[in-house]
Amino acid sequence: MLLFLPRVQTGVMTELSERAKANMDVVLEETCRQLPHGGDHDSRRFIAERLIEAARSGHTTLGELGIIARHALAELAAKRS
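Residues numbered from 1 in each chain as written. Predicted model: local features only at pLDDT ≥ 70, side-chain atom pairs only at ≥ 80, totals over all residues. Heavy atoms only, no water.

A separate point is the overall build of the protein chain. Scanning the protein chain for helices and strands turns up three helices and zero strands. Counting from the amino terminus, the protein chain carries its helices and strands in the arrangement α-α-α. Taking all 81 residues of the protein chain together, 28% fall into the buried category. Within the protein chain, contacts between residues separated by at least 24 positions form 63% of all contacts whose residues are at least 6 apart in sequence. (Helix = DSSP H or I, 4+ residues; strand = E, 2+ residues; numbered from the N terminus. Buried < 20%, exposed > 50% of the residue type's maximum accessible area, 1.4 Å probe, protein only. Contact = heavy atoms within 4.5 Å.)

Our focus in this paragraph is the confidence of the model for the protein chain. Scored by pLDDT, the protein chain has a mean of 88; 83% of the residues are at 70 or more. Every residue in residues 1-5 is under pLDDT 50, and counting partners more than four places away or in other chains gives zero contacts. (pLDDT = per-residue confidence, 0-100.)

Enumeration according to the criterion identifies five salt bridges in this entry. For Arg45, the salt bridge identified is with Asp42, shortest N-O distance 2.7 Å. Here the residue Arg45 and the residue Asp42 both occupy positions in helix H2 (residues 41-56), the gap between them amounting to three residues, near one helical turn. Residue Glu75 is joined to Arg50 by a salt bridge in which the shortest nitrogen-to-oxygen separation is 2.9 Å. Residue Glu75 is found in helix H3 (residues 62-80), and its partner Arg50 is found in helix H2; the two are separated by 25 residues along the sequence. Its relative accessible area of 30% is what places Glu75 among the partly exposed residues. In this structure Arg50 comes out as partly exposed when scored by relative accessible area, which is 28%. (Salt bridge = Lys/Arg side-chain N within 4 Å of Asp/Glu carboxyl O.)

Let's shift gears to the nonpolar core. Counting residues in each nonpolar core, the largest one holds 17 residues, and the members touching the most others are Met24, Ile47, Leu51 and Leu65. Residues contacting Ile47, with those up to four places away along its chain left out, are Leu28, Thr31, Cys32, Leu35, Ala69, Ala72, Leu73 and Leu76. (Core = buried A, V, L, I, M, F, W, Y, C linked by side-chain atoms within 4.5 Å.)

Attention shifts here to unusual backbone geometry. Although it is not a glycine, His37 adopts a positive phi angle of roughly 55°. Mapped onto the fold, His37 is located in the loop between helix H1 (18-32) and H2. For His37, a relative accessible area of 84% translates into the label exposed.

The next subject is the side chain of Ser43. Mapping Ser43 onto the fold places it in helix H2. With residues up to four places along the chain from it excluded, the contact list for Ser43 reads Leu35, Leu76 and Arg80.

Now the structure itself:
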């Protein structure tokens, strides 16, 4: 049985690992492919800011970042409609 536990934040991460940065880059590109022409600057920045915030909180896996990016994309779509 799999058990998913929330991460306990013991301190704020100030510097991100190279792996976390690479994961954020992959997720940002994959997510922005769903936008016309890969997304405009403001849309990409909005999603990137959410990814950075999540990574600094310790959520650095592709799966975690993907969830955050999809939520940000949905929020953008809701704002535009």
